[in-house]
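Each chain, written out:
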Amino acid sequence: MTTTRTLGRSGIEVGAIGMGCWAIGGPLWGDGGQPFGWGEVDDDESIRTIHRALDLGVTLFDTASNYGAGHSERVLGRALAGRRSEAVIATKFGNVSDEETRRWLGTDASGTFAVRSLEDSLRRLGTDHVDLYQLHINELPTSAALDLVDTLEGLVDQGKIRAYGWSTDNAASAEAFAAGGPHCAAIQHDESVLSDNAAVLAVCDRHDLASLNRGPLAMGLLTGSTRAPGADDVRGRSPEWLRWYTDGRPTPEWAARVEQVRAALTADGRTLAQGALGWLLARSPRTVPIPGLRTVTQANENLETLKLGPLPPEAYAEVENLLSDLRP
């Protein structure tokens, strides 16, 4: 069974499942008290979780400069001290936040900010380079993204990054960025059994890119958890783009969809989360799911999928049949 995948044309090999580090950043606040984080976290448990993930075969750790206003990067840097050579670090730029107040201040898509943000990320991470540097403004006009290519190529030449990508759900944007950026190696996009983006995956195929899957467990909906999010959790006051939750509770229509496919996802003895991650591994050889992990217990459960492998063909086919109306 293949337990590793390649980050597109960069040639960088990673574990087939990575670790998303949004949740370990703790709180971040936007305008009007909108939470953009996942609530308070235990940094020591976060570090234990990162170490456990490494031991279980994870090498890709995906963070961002604004997760907890830089706190996620600091914790990841602490956890990887002495183990940097075992990890592939992916971080992101484009969002501006205040480390002291933990407030989101807006976006900046300039090349100058990309360079400054990288220096800040390197400092927080305690490293001299980032393996994958990703633009973190989903709906940025394509022309503005292409304006960044020369800056990003310069950072590759300086050895400060090995490759770059864009976190966007827009296939046309991804296509243009991949075509215009020689060292573009990945597109990060929303991808789960409930939300398949075939158009972006096709771009990844055409341009030999990795597909990094954010939201692989639909922000926790595909774990079957019934724990109510707190007031400082992004799901507790769901922004417009977060369709899985309404007023802190699973949106009924999507909860019903989970129940519709539960039996198929768990048919070979997997948990619901393991089935959802197995679906992604079966979806394409380019997919690299990056579930958020906050505890060692979550790491143990989710990363067991590396041993279980892709969802069996018959179960995958059953899921696709049940969700055919959601597929383009």
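Below or above, wherever it landed, is the structure these notes cover. Here the structure is a predicted model, which is why all the values come from computation and not from measurement. (Residues numbered from 1 in each chain as written. Predicted model: local features only at pLDDT ≥ 70, side-chain atom pairs only at ≥ 80, totals over all residues. Heavy atoms only, no water.)

**Focus on the overall build of the protein**
The condition is simple: Every helix listed is a DSSP run of H or I at least four residues long, and every strand listed is a run of E at least two residues long, numbered separately from the N terminus. The globule rule used for comparison is 2.2 Å times the number of residues to the exponent 0.38, while the radius of gyration itself is calculated over C-alpha atoms. Working definition: with a 1.4 Å probe on protein chains only, accessible area under 20% of the residue-type maximum means buried, over 50% means exposed, and in between means partly exposed. Shrake-Rupley sampling with a 1.4 Å probe provides the accessible areas, and residues are treated as covered by the protein chains on show and by no other component. For the purpose of charge, His is not counted, nor are the chain termini; Lys and Arg are scored as positive and Asp and Glu as negative. Just so you know, the charge point we use is NZ for Lys, CZ for Arg, CG for Asp and CD for Glu.
Scanning the protein from N- to C-terminus turns up twelve helices and 14 strands. What you see for the protein is a C-alpha radius of gyration of 18 Å, in line with the 20 Å of a compact globule of 328 residues. Along the first, second and third principal axes, the C-alpha atoms of the protein reach 50 × 40 × 40 Å. Looking at the protein as a whole, 55% of its 328 residues are labelled buried. When the accessible surface of the protein is split by element, carbon and sulfur atoms take 49% of a total near 12800 Å². Where the 31 positive side-chain charges of the protein centre and where its 44 negative ones centre are 3 Å apart.

**What to know about helix α10 (residues 296–303)**
Formally: This arc is built from the directions going out from the helix axis to the C-beta atoms. Throughout, a contact is declared for two residues whenever any of their heavy atoms are within 4.5 Å.
Along α10, the residues that are buried comprise A299, N302 and L303. Taken end-on, α10 shows its buried residues confined to a sector of 85°, consistent with a single buried face. Where the residues of α10 are buried, they touch α1 (43–55), α9 (272–283) and α11 (305–308).

**Overview of the pattern of salt bridges**
The line we're drawing: Salt-bridge detection follows one rule: a side-chain nitrogen of Lys or Arg within 4 Å of a carboxyl oxygen of Asp or Glu.
A full pass over the atoms with the stated rule returns 24 salt bridges. Across the pair R262 and E259 runs a salt bridge whose closest N-O atoms are separated by 2.7 Å. Taken as a pair, R262 and E259 lie in helix α8 (residues 252–265) at a separation of three residues, close to a single helical turn. Overall, the relative accessible area of 29% leaves R262 in the partly exposed class. Where salt bridges share partners, they join E73, R74, E99, D120, R123 and R124 into one cluster.

**Some points on the sheet that holds strand β9 (residues 161–167)**
Strand pairing in a sheet takes place through backbone hydrogen bonds and is either antiparallel or parallel in direction. For the record, the criterion: Pairing between two strands is assigned when DSSP locates at least 2 bridges connecting them. Structural elements are reduced to axes, namely lines fitted to C-alpha atoms, with helices fitted over the stretch in contact, and the angle between N-to-C directions of any two is expressed from 0 to 180 degrees.
One open sheet accounts for eight strands, arranged β3-β4-β5-β8-β9-β10-β11-β14; its pairing is parallel. Each of the sheet's edge strands pairs with one partner strand only, and the pair in question is β3 (19–20) and β14 (287–289). Here strand β5 (residues 88–93) runs beside strand β8 (residues 130–135); their pairing, made up of four bridges, is parallel. Counted as the bridge partner of A90 is L132 from β8. Along the sheet, helix α5 (residues 149–157) contacts β5, β8 and β9; its crossing angle with β9, the most-contacted strand, is approximately 150°. Contacting β11 (210–214) and β14, α9 runs over the sheet at an angle of about 160° to β14.

**Points about the layout of surface pockets**
Which entries qualify depends on this criterion: Think of a 1 Å grid over just the protein atoms. A cavity is a set of points where a 1.4 Å probe fits yet cannot get out, a pocket is an open set with protein on both sides within 12 Å along at least five of seven lines, and lining residues have an atom within 4 Å of a point. Grid points are joined across faces, edges and corners, and a volume is the space filled by probe spheres set on the points. Each residue gets one of three labels, nonpolar for Ala, Val, Leu, Ile, Met, Phe, Trp, Tyr, Cys and Pro, charged for Asp, Glu, Lys and Arg, and polar for the others, Gly among them.
Empty space within the second largest pocket amounts to approximately 180 Å³. Classifying every residue of the lining of the second largest pocket gives three nonpolar, five polar and four charged.

**Topic: the pairing of strand β10 (residues 184–190)**
Remember that side chains alternate between the two faces of the sheet whenever the strand is regular. What counts is decided by this rule: Here the term right-handed applies to a crossover when the path leading from its first strand over the helix to its second strand runs clockwise, the strands being oriented away from the viewer.
In terms of residue burial, β10 counts as a mostly covered element, since seven of its seven residues are buried. Judged from the four bridges that link them, β9 and β10 form a sheet pairing that is parallel. By the bridge assignment for β10, S167 is matched with Q188. For the handedness criterion, the β-α-β arrangement of β9, helix α6 (residues 171–180) and β10 is classed as right-handed. As paired elements, β10 and β11 share five bridges and run parallel to each other. Note that in β11 the partner of Q188 across the bridge is L212. For the segment spanning β10, helix α7 (residues 198–207) and β11, crossover handedness is right-handed.

**A look at the packing of α9 against helix α12 (residues 313–322)**
Note the following rule: Should an angle fall under 35 degrees it is taken as roughly parallel, and over 145 as roughly antiparallel, whereas 65 to 115 is taken as roughly perpendicular and any remaining angle as oblique.
Remark: α9 packs on α12, axes separated minimally by 10 Å, with the N-to-C direction vectors making an angle of 100°. The orientation of α9 with respect to α12, classified from their angle, is roughly perpendicular. In this structure, α9 uses W279, A282 and R283 to contact α12, whose residues at the interface are Y316, V319 and E320. Of the residues belonging to the contact of α9 with α12, the class tally is four nonpolar, no polar and two charged.

**A word on unusual backbone geometry**
Positive phi, close to 55°, is recorded for A69, a residue that is not glycine. Relative to the elements of secondary structure, A69 occurs in the loop between β4 (60–62) and α2 (71–80). Overall, the relative accessible area of 3% leaves A69 in the buried class.

**With respect to the state of the cysteines**
Our working rule: For the purposes of this analysis, a disulfide is any pair of cysteine sulfur atoms at a distance within 2.5 Å.
Evaluation of the coordinates by the stated rule reveals zero disulfides. As a non-bridged cysteine, C184 has C204 as the owner of its nearest cysteine sulfur, 8.5 Å distant. Using a relative accessible area of 0% as the deciding quantity, one classes C184 as buried.

**A look at the nonpolar core**
Using the following cut-off: As used in this record, nonpolar core signifies buried Ala, Val, Leu, Ile, Met, Phe, Trp, Tyr and Cys residues forming a set joined through side-chain atoms within 4.5 Å.
Within the largest apolar cluster, 50 residues are counted, with the highest numbers of intra-cluster contacts made by M19, F61, L152 and I161. In contact with L152, other than residues within four places in its own chain, are F93, Y133, I161, Y164 and F177. If you look at the next biggest cluster of nonpolar residues, it comprises 29 residues, including A218, M219, Y245 and A276.

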